[in-house]
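# Remarks on the overall topology
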Amino acid sequence: MGNSESNRGMNRREVLVAMAATAGAFALPTQARAAEVSREVAVTRTALGGAAYDPKVYSAHEWQTVRALVDYIIPKDDRSGSATDAAVPEFMDTMLHLEPGMRVAHRGGLAWLDHEMRRRFQKDFVTASDAERRAVLDDVAFPRKAKTELSHGVAWFSSFRDFTASGFFTSEIGVNDLGYQGNTPVAEWTGCTAEAYRKLGV
């Protein structure tokens, strides 16, 4: 699975170096690049015909972690499928394969997450309970409420959440969720609907 780099974990020193060097955040792809990669992922998924995807960059443990984490960010609901249904983990792995500069901070953050989980609960993210996972995620998901000592984790999680959204909303499931109609001609523009105004509070 993947290359030799992806098959070894990051030790504590490597985690701290990666997080310190990047302040936890990592650069995200442009919308056009994300859409391009999502199309590539869709082609790959079709070609696999239901067979399991083999990550190019992620280790087996990172792959499990990412698959669990993205569904906390975009779970399945009555409107659409989850992030894993939309092949967001495959999108992330493909993007990291094509953009090596994203790897250190991104994977360093995954290692930080496990380190924080072990510090609190003596378990990594994958083996922790739902309540234990949420306890850590709640502490990094809201920047304005987060403790200063978690700033690197907060920055990383914000990047990870945006990365998840990039993959989801450029996938077929995400595009359908948005109700995007593409280049559909409009005979007459009558402005926003009353429902849209109510949602915006104006």
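### What to know about the overall build of the protein
Scanning the protein for helices and strands turns up nine helices and zero strands. Taken from N to C terminus, the helices and strands of the protein fall in the order α-α-α-α-α-α-α-α-α. Burial analysis of the protein (202 residues in total) assigns 40% to the buried set. Surface exposure of the protein reaches about 11600 Å², of which carbon and sulfur atoms provide 53%.

### Examining unusual backbone geometry
Note: most peptide bonds trans; most residues except glycine with negative phi. In this model, Ala87 sits at a positive phi of 65°, which is unusual for a non-glycine residue. For Ala87, the position within the fold is in the loop between helix 3 (60–73) and helix 4 (88–98). According to the relative accessible area criterion, Ala87 is buried, its value standing at 5%.

### Topic: the nonpolar core
For soluble globular proteins, nonpolar side chains are generally found buried alongside one another. Ranked by internal contacts, the top residues of the largest apolar core, which has 40 residues, are Leu69, Phe91, Met92, Phe160 and Phe163. If you list the elements that add at least two residues to this core, you get helix 2 (31–48), helix 3, helix 4, helix 5 (103–121), helix 6 (130–140) and helix 7 (151–168). Leave out the neighbours within four places in its chain, and Phe160 touches Phe26, Val66, Leu69, Val70, Ile73, Met92, His106 and Leu110.

### Digging into helix 7
Since there are 3.6 residues in each turn of an α-helix, residues three or four apart along the chain are aligned in direction. Over its 18 residues, helix 7 extends 26 Å from the first C-alpha to the last, a length consistent with the 26 Å expected when each residue adds 1.5 Å. For helix 7, the complete set of buried residues consists of Gly153, Val154, Trp156, Phe157, Ser158, Ser159, Phe160, Phe163, Thr164, Ser166, Gly167 and Phe168.

Criteria and thresholds
- Residues numbered from 1 in each chain as written.
- Predicted model: local features only at pLDDT ≥ 70, side-chain atom pairs only at ≥ 80, totals over all residues.
- Heavy atoms only, no water.
- Helix = DSSP H or I, 4+ residues; strand = E, 2+ residues; numbered from the N terminus.
- Buried < 20%, exposed > 50% of the residue type's maximum accessible area, 1.4 Å probe, protein only.
- Areas by Shrake-Rupley, 256 points an atom, 1.4 Å probe, with all protein chains shown as cover.
- Core = buried A, V, L, I, M, F, W, Y, C linked by side-chain atoms within 4.5 Å.
- Contact = heavy atoms within 4.5 Å.
- Expected span 1.5 Å × (residues − 1).

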